[in-house]
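Per-entry structural report
What follows is the residue order along each chain.
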Amino acid sequence: MEGDAASPNILGETKAGYVLSNVAEVVERILTFVPTKNLLRIASVCRLWRNCARRVLRTQQRLTWLSASGSSVYEEHVLLRTMADDLEKVYLLPQTALLMVDGENFNFSYRQKKAKKCENEVESDPVKKLRRLLPSTCDVVGIVASGIVVTPSGSASSPPEEHEEGEAGFSLLFPAMDGVTIRPFHFCKKTLTDSAMEEAGLINNPDLKVVLMFDYETWKAGRFLNKLLEPLSQNNVLIVGGQVERAFSNNTTCCSSGSFGAVGLTFSGSKIQGASVLVDQDVGSPKAAEATIQRLKAANIPERNTMGFMFACVGRGHNSYNNQRNVEATAFRKIFPNIPLLGFFGNGEIGCDRIVKENYILSETDADGLQHSFTTVMTLVHFG
């Protein structure tokens, strides 16, 4: 039992009221069925409920995602409306959020179109609205790409969809997880220093296992991307990602409009496992794509609390498979029926054939060997 029982006018002078205001085991069990936003509200009722809510929050260590596609009836991107509705229903407190949206429909200025208006005025800056939807303590890394790969929200076994054009996006939400450290980074020419890389966990970090890295406009910058990749290329680290149209993060002052840089996340800790394969530009049939993705099975990565990522060139998709669509996502689902797949179509890919598990590396390469075009990087990341 714990002190500061709820007042009778809240819980009632009944046996049920007595149990709910005094028996922590019962209260805690009930609170496991309450979505996180409501759980945080409930925590203000009394000390018992607050302590029970805190314990429940610590058990919510499975990542989740919210995705959307198809034109929104509102004057904003379809993902924004989905997040506004569905964040009320999730069972975790986001510490980090990775967002990806299509560039055609996600504008940093007000999007004018004939549509049903929201009851409240639409926020003219979609990035500001995203930050308002998420907890103020949540680190946000967002990218805008030419096309988006999503698994519909709600079920990991739902067929993933390759949206080479059209409105689509997702938000991947990471809670605090025991044995896992997640650090965001955002670098431009003004902020890329050794000390900043060390703070992000990219160098001098023996526990680093996986890096998701997304660069933008780096063709303007000579060896900017290589400076990020070189310390990682020969280490036992899985690094995957690609070149995108734009990026945004909590670090709003990092670089000015039209500049170049890179954003991403580092994942460190003994529980992290990762593997990736490169679907080469010569792969041009569904059978060959499936055979390549099948190589990920060699990692023996558990399906629980695992995310699949697909980073493909805008030149692939239906262009590589005689106008057949969704080939690579369908092959992934056939091989991994219970792992969600998220990703994008971009202007260049980062990755190689690599398994990071204990001290085993499938292949080694240098920084240039991690950069590709007309390929797809298919990846698994397990969070314990």
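Higher on the page you've got the structure.
Anyway, here's the lowdown on the structure attached to this text. Please read these numbers as outputs of a predicted model, since none were measured by experiment.

Calculation rules
- Residues numbered from 1 in each chain as written.
- Predicted model: local features only at pLDDT ≥ 70, side-chain atom pairs only at ≥ 80, totals over all residues.
- Heavy atoms only, no water.
- Helix = DSSP H or I, 4+ residues; strand = E, 2+ residues; numbered from the N terminus.
- Buried < 20%, exposed > 50% of the residue type's maximum accessible area, 1.4 Å probe, protein only.
- Contact = heavy atoms within 4.5 Å.
- Areas by Shrake-Rupley, 256 points an atom, 1.4 Å probe, with all protein chains shown as cover.
- Pairing = 2+ DSSP bridges.
- Axes fitted to C-alpha atoms, helices over the stretch in contact; angles between N-to-C directions.
- Core = buried A, V, L, I, M, F, W, Y, C linked by side-chain atoms within 4.5 Å.
- Expected span 1.5 Å × (residues − 1).
- Arc of directions from axis to C-beta.
- Phe/Tyr/Trp six-rings, centres within 6.5 Å; stacked < 30°, edge-to-face > 60°.

A count of helical and extended segments in the protein gives 11 helices and 18 strands. Expressed as a percentage of the 384 residues in the protein, the buried residues total 55%. Nonlocal contacts in the protein, meaning residues at least 24 apart in sequence, comprise 82% of its contacts between residues at least 6 apart. Accessible surface for the protein amounts to roughly 16,900 Å². Of this, 49% is attributable to carbon and sulfur atoms.

Turning next to the sheet that holds strand S11 (residues 261-268). For sheets, the rule is that strands pair by backbone hydrogen bonds, running either parallel or antiparallel. An order of S7-S11-S8-S9-S15-S17 is seen for the 6 strands of this open sheet, with the pairing classed as mixed. Every interior strand has two partners, whereas the edge strands, strand S7 (181-188) and strand S17 (371-372), have only one. Bridge count for strand S8 (residues 208-216) against strand S9 (residues 238-243) is 6 bridges, and the pairing is parallel. The residue bridging valine 210 from the neighbouring strand is leucine 238, located in S9. Taken strand by strand, helix H9 (residues 224-233) contacts S7, S8, S9, S11, strand S15 (349-350) and S17, and its axis lies near 170° from that of S8.

Once that is clear, we can look at the nonpolar core. Of all hydrophobic cores here, the largest spans 37 residues; its most connected members are Leu98, Leu172, Phe174, Phe214 and Phe383. Among the nonpolar cores identified, the runner-up in size contains 25 residues, and Val277, Ala289, Leu296 and Val327 belong to it.

Before going further, it helps to spend a moment on helix H5 (residues 47-59). Each α-helix winds once per 3.6 residues, and so residues spaced three or four apart point in a common direction. If you check H5, its first and last C-alpha atoms are 19 Å apart, about what 13 residues at 1.5 Å a residue would give, namely 18 Å. Among the residues of H5, Leu48, Trp49, Cys52, Ala53 and Val56 are the ones counted as buried. Down the axis of H5, the buried set is contained in an arc of 125°. They therefore lie on one face.

Time to look at the packing of aromatic side chains. Given two aromatic rings, their pairing is described by the distance between the two centres and the angle made by the two planes. Overall, the coordinates contain 10 aromatic pairs when judged by the stated rule. Plain terms: the ring middles of phenylalanine 174 and phenylalanine 267 are 5.5 Å apart, the flat faces sit at 50° to each other, and that makes the pair tilted. Here phenylalanine 267 lies in strand S11 and phenylalanine 174 lies in strand S6 (residues 168-174), a separation of 93 residues in the sequence. For phenylalanine 174, a relative accessible area of 0% gives the class buried. Each ring, one from phenylalanine 309 and one from phenylalanine 311, has its centre 5.9 Å from the other, and the planes form 15°; the classification is stacked. Taking the relative accessible area as the measure of exposure, phenylalanine 309 reaches 0% and is therefore buried.

It is worth spelling out the sheet that holds strand S3 (residues 139-145) at this point. Here we have 5 strands laid out as an open sheet, ordered S1-S6-S2-S3-S10, and mixed in their pairing. Either end of the sheet is taken by a strand with one partner, and the two such strands are strand S1 (64-69) and strand S10 (246-249). If you compare each strand with its neighbour and ignore which way they point, the axes differ by 10° on average. Most of the contacts of helix H6 (residues 78-86) go to S1, to which it runs at about 135°, and overall it touches S1, strand S2 (96-102) and S6.

Counting buried positions along S2 yields 7 of 7 residues, so the element is predominantly enclosed. What you see with S2 is no split at all: Thr96, Leu98, Met100 and Asp102 on one side and Ala97, Leu99 and Val101 on the other are buried throughout.

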